[in-house]
Amino acid sequence: MKLKTKFLCLIAMLLAVSLGANLLWTMGNKHAQMENELRVQAHALAQQMDAVWEFMVANQDRLAQVAFTEDGVYQGLHCAIAGRIIGQSFTMQSDYTTRFVNFNPRNVAGEPDDYEAAALSAFHDDGSRTDYYGFTDYNGEQVFRYVAPMTIEEACLQCHGEPVGELDVTGTPKEGWKMGDIGGAISIIMPLDVYQASERDSIVQDVLFFAIMLAVCLVAVYVALTHLVTRPLSKIQAGVEQVSGGNLNVQLTYSESSQEMSTLMTEFNGMAHELADVYANLEDEVADRTARLQEANEVLERQRRQLEAVNAQLVDENQYKSDFLSMVSHELRTPLTSIVAFADLLNKHVVPASEKEAKALAGIEANSQALMLMINDILEMSRLDAGRVKLSLEVVDIGDVVGMVRATVGPLAAKEHLAFTAEVAPDVPLVRADFDKLVHVLQNLCGNAVKFTPDGGEVRLEATYHPTSRNGSAENDGDASGEVWLAVTDTGIGIAPEDQKRIFEKFAQVDSSSTRRYNGTGLGLAIVREYVELHGGAVNVESAPGRGSTFTVRIPVAGPAQEETPSPEAGSIEHDSQEERE
């Protein structure tokens, strides 16, 4: 779209928005002005009617002197009759309707309608209110209604004062009103035909004038933009097209539209001159840059070969490390297995001669078991680094996994005087996972929780289901979706926020000093993370120092996104891992 077309669209949009805003503002302003004029007129009319009423009240005594017949019957003209007659006469001679209303009028003509009843209620609720007005419908047409209160004065008390029920001069029971009470209201109804027509004419005139002035301004802006912007830009565009065609000697003439355009054309001419100079020496520059590029490519090739050699060396060293760890672990496991077996035989078949000997046997068994776990962790981590650990996927019941963990960790927690509980929610489905590795994950987490929780504390294992599909859980693993969350919570020493990011790294421990209280290789949580990520899940921790920790493992119900069929080698590794745990 051309710039001129965009300006036209923008001007049209501004014109429409401005006209709409002006129309809304004018309508609101004129409506408020009409309402104010009607209120002023109605207020003046109400004051005139009230003045007539006050005149009748002031001269009520003089009228009463000739208001009785020889028989004592009152036939005078009191204020209420005079006011009602004047209001009816005014209504008949104009388009306005004037009434005197009250909640309990002496004449049925004074019964208020709904609007007048609302006004009387407002006057009774707020004695300081001087009027009640608004636009409403009356007999099928829209009108302006104005209601003003009538306050009881001293001259009114002789007919409407106390005592209540006493007959006044007209033979009507008194209402028992007091000075300042609301004795009724003057209701004025004003038709809006003339005012609305005047309002519409005024709105049309104002909007039309505003539209003409706005259109003139926008046309002036458009002409100015055309002269100051689009026309000079067209010249610059023509110059750019010539440069694109190979004519580098183009020079634009000076523009009188604006200083900015003149500067832009000067810069364009300078750019064209520089391009001509650059093009003249382009072949030399290309040859020089080509030679530099060739040298750079040779340097990059040498660096690539060096990186390949370093990478191959690193691969060899990593393989050597993994092989060394595997060999050392295997060589250490053989004598250590014998030590564990002999220690177990001594505990079962030999009665210690003294308490010191019993503690020594217990220490041999505990430390050999701990050393066996460390060696197994090192061996397993070396296999994970080598990528030789595969999942043996099957349909797993989380209840069986938790039951096996409970049987292993429960006695350990009882020995440390800890309360250990394990719960599985009833809606937890079957999952597609590696049974042994899930058991290893939970045993590791629960073992850590027991190790880092002081006597009298609590360790809790919970399994819950978190669906992600609309229909919730599924009946079988083929239709299942969502995740199973395995949470291990303890009341132990907790972990500081700055340490929570590195506890899942290899050989990482919160306390790595030589005098640390809790022993270990620092591989347990690293193996947990690797196993969980092999399942396509994740593990996180929430903890604070002195407030315990919660480790949450999220395992997909459907298993890893890309399942791999275990090779014979992987199967042997799984078998070896199972033997190591046994």
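Provided above is the structure to which this section pertains.
Keep in mind that what you see is a predicted model, and the values were worked out from it rather than measured.

### Brief notes about the sheet that holds strand β4 (residues 182-191)
The strand order across the open sheet built from 4 strands is β1-β4-β3-β2, with neighbouring strands paired in antiparallel fashion. The outermost strands of the open sheet, each flanked by one partner alone, are β1 (97-101) and β2 (132-138). Strand-to-strand twist in this sheet, taken as the mean axis angle between neighbours without regard to direction, amounts to 25°. Of the pairings in the sheet, the one linking strand β3 (residues 141-151) to β4 comprises 9 bridges and is antiparallel in character. Within β4, the residue paired with V147 across the bridge is S187. Sitting on the sheet, helix α4 (residues 114-125) touches β1, β2, β3 and β4, and the angle it makes with β2 is about 165°.

### Some details on the sheet that holds strand β6 (residues 419-424)
Adjacent strands of a sheet pair through backbone hydrogen bonds, lying either parallel or antiparallel. Taken in spatial order, the 5 strands of this open sheet run β6-β8-β9-β11-β10, and their pairing is mixed. On the outer flanks of this sheet lie β6 and β10 (538-543), each paired with one strand and no other. Along the sheet, successive strands turn relative to each other by an average axial angle of 15°, direction set aside. Sheet topology note: the β10/strand β11 (residues 549-556) ladder contains 6 bridges and is antiparallel. Across the sheet, N540 pairs through a bridge with T552, a residue of β11. Lying on the sheet, helix α10 (residues 398-415) is in contact with β6, β8 (458-466) and β9 (483-490); it crosses β6 at an angle near 175°. Where helix α11 (residues 435-451) meets the sheet, its contacts fall on β6, β8, β9 and β11, and the angle it forms with β9 comes to roughly 20°.

### Overview of the environment of D206
Here D206 is to be found in helix α6 (residues 193-244). Given the relative accessible area of 31%, D206 is considered partly exposed. Sequence spacing of D206 and T26 is 180 residues, and the spatial spacing of their C-alpha atoms is 7.5 Å. Apart from the residues within four sequence positions on either side, D206 is in contact with N22, T26 and K30.

### Observations concerning the packing of aromatic side chains
Counted by the stated rule, this structure contains 4 aromatic pairs. Seen in terms of ring centroids, Y133 and F144 are 6.1 Å apart; in terms of plane orientation they differ by 40°. Their pairing is tilted. Placement of Y133 in strand β2 and of F144 in strand β3 is noted, with a sequence separation of 11 residues between them. Overall, Y133 belongs to the partly exposed group, its relative accessible area being 30%. Through a chain of ring-to-ring contacts, the aromatic side chains of Y133, F135, F144 and Y146 assemble into a single cluster. A cation sits over an aromatic face here: K437 above Y531, 5.4 Å from the ring centre. Over the ring of W485 we find R554, and its NZ or CZ is 5.8 Å from the ring centre.

### Here we look at the packing of α11 against helix α12 (residues 524-534)
Their axes nearest at 10 Å, the elements α11 and α12 cross at an angle of 145°. Both α11 and α12 take part in a crossing whose hand is left-handed. Contacts between α11 and α12 pair K437, H440, V441, N444, L445 and N448 from the former with G524, L525, I527, V528, Y531 and V532 from the latter. For the contact of α11 with α12, a count of residues per class yields 7 nonpolar, 4 polar and 1 charged.

What counts and what doesn't
Residues numbered from 1 in each chain as written. Predicted model: local features only at pLDDT ≥ 70, side-chain atom pairs only at ≥ 80, totals over all residues. Heavy atoms only, no water. Pairing = 2+ DSSP bridges. Helix = DSSP H or I, 4+ residues; strand = E, 2+ residues; numbered from the N terminus. Axes fitted to C-alpha atoms, helices over the stretch in contact; angles between N-to-C directions. Contact = heavy atoms within 4.5 Å. Buried < 20%, exposed > 50% of the residue type's maximum accessible area, 1.4 Å probe, protein only. Phe/Tyr/Trp six-rings, centres within 6.5 Å; stacked < 30°, edge-to-face > 60°. Lys NZ or Arg CZ within 6 Å of the ring centre and 35° of its normal. Left-handed = near helix turned anticlockwise from the far one by under 90°. Nonpolar A, V, L, I, M, F, W, Y, C, P; charged D, E, K, R; others polar.

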